Amino acid sequence: MKNYNKNNPTTPADSFEEFCQRGNITKKMLKERWKSLPFSNDFIFCKVMEDNPMLCKKALQLLTGLPLEKIKICSAQHSVKDSTDSRGIRLDVYAKSSGIQFDLEIQTTEFARPLLRARYYSACLDTSTLRKGQYFNSLGDVYIIFLCLKDPFKKGLACYSYRRTCSQDTSM
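Presented here is an overview of the structure given in this document. (Residues numbered from 1 in each chain as written. Predicted model: local features only at pLDDT ≥ 70, side-chain atom pairs only at ≥ 80, totals over all residues. Heavy atoms only, no water.)

**Remarks on the sheet that holds strand β4 (residues 142-148)**
Our working definition: When DSSP locates at least two bridges between a pair of strands, those strands are taken to pair. Think of it this way: any DSSP run of H or I at least four residues long counts as a helix, any run of E at least two long counts as a strand, and we number them from the N terminus. Convention adopted: a line fitted to C-alpha atoms gives each axis, helices being fitted over their contacting stretch, and angles between N-to-C directions are expressed from 0 to 180 degrees.
Here we have 4 strands laid out as an open sheet, ordered β1-β2-β3-β4, and mixed in their pairing. The two strands at the open ends of the sheet, each matched to only one other strand, are β1 (73-80) and β4. Neighbour-to-neighbour, the strand axes of the sheet open up by a mean angle of 30°, direction not taken into account. Relative to β4, strand β3 (residues 100-107) runs parallel, the two being bridged by 7 bridges.

**Focus: the pairing of β3**
The test is simple: Relative accessibility thresholds used throughout: buried, under 20% of the residue-type maximum; exposed, over 50%; partly exposed, between the two (1.4 Å probe, protein chains only). By convention, orient the strands away from the viewer: a clockwise path from the first strand over the helix to the second makes the crossover right-handed.
Among the 8 residues in β3, 8 count as buried, and that is most of the element. Of the strand pairs in this sheet, strand β2 (residues 89-97) and β3 are connected by 5 bridges, and their pairing is antiparallel. Across the sheet, the residue bridging to K96 is Q101, located in β3. Hairpin connection of β2 to β3: 2 residues between the antiparallel strands, including S98 at a positive phi of 50°. Note that the unit made of β3, helix α5 (residues 114-129) and β4 has a crossover that is right-handed.

**A look at the pattern of salt bridges**
Here is the rule: Criterion for a salt bridge: a side-chain nitrogen of Lys or Arg within 4 Å of a carboxyl oxygen of Asp or Glu.
Evaluated as defined, the whole model comprises 3 salt bridges. Two residues, D51 and K47, come together in a salt bridge whose shortest N-O distance is 3.1 Å. One end of the pair is D51 and the other is K47, both in helix α3 (residues 42-51) and 4 residues apart, which spans about a single turn. Linking R117 and E105 is a salt bridge whose minimum nitrogen-to-oxygen distance equals 3.6 Å. Residue R117 is found in helix α5, and its partner E105 is found in strand β3; the two are separated by 12 residues along the sequence. E105 gets classed as buried once you look at its relative accessible area, which sits at 1%.

From the geometry alone we can't say anything about function, so treat these as descriptive.
Below, the structure is given as structure tokens:
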């Protein structure tokens, strides 16, 4: 067994068994802990969605009301960074279907300014999609979806939907 430095918990283990021995953890304890993790756990949420594109598709259809075709991309912890001096984003679950981009975020804690965050995420996805010389009509729709354990606006609604619309003519 390699020497383990308690001051440096990132010291790599030779094996899973050694990892368990260091922390006095049994495989049974780990299995029980694993089983007790809720779907709202970031790792579980991302893993389940990424490994099950059909489930991801069904969830997106339920949440958006859109009749989606096949999910072409379903990626967990998808990073988007446009330039070296801009703030990048990491999407919990990124999916794409028929030119529509989706970001599914699981929120277990309260977070500040969800509308600004959604706007920024949408802008980052647009920026990463449109290449030099492409026309703006090449941009598809973007859906940023926050699944929140707590009501982000404290208005008692189960769902909040926001769209960019013209105030004078909402048909535009």
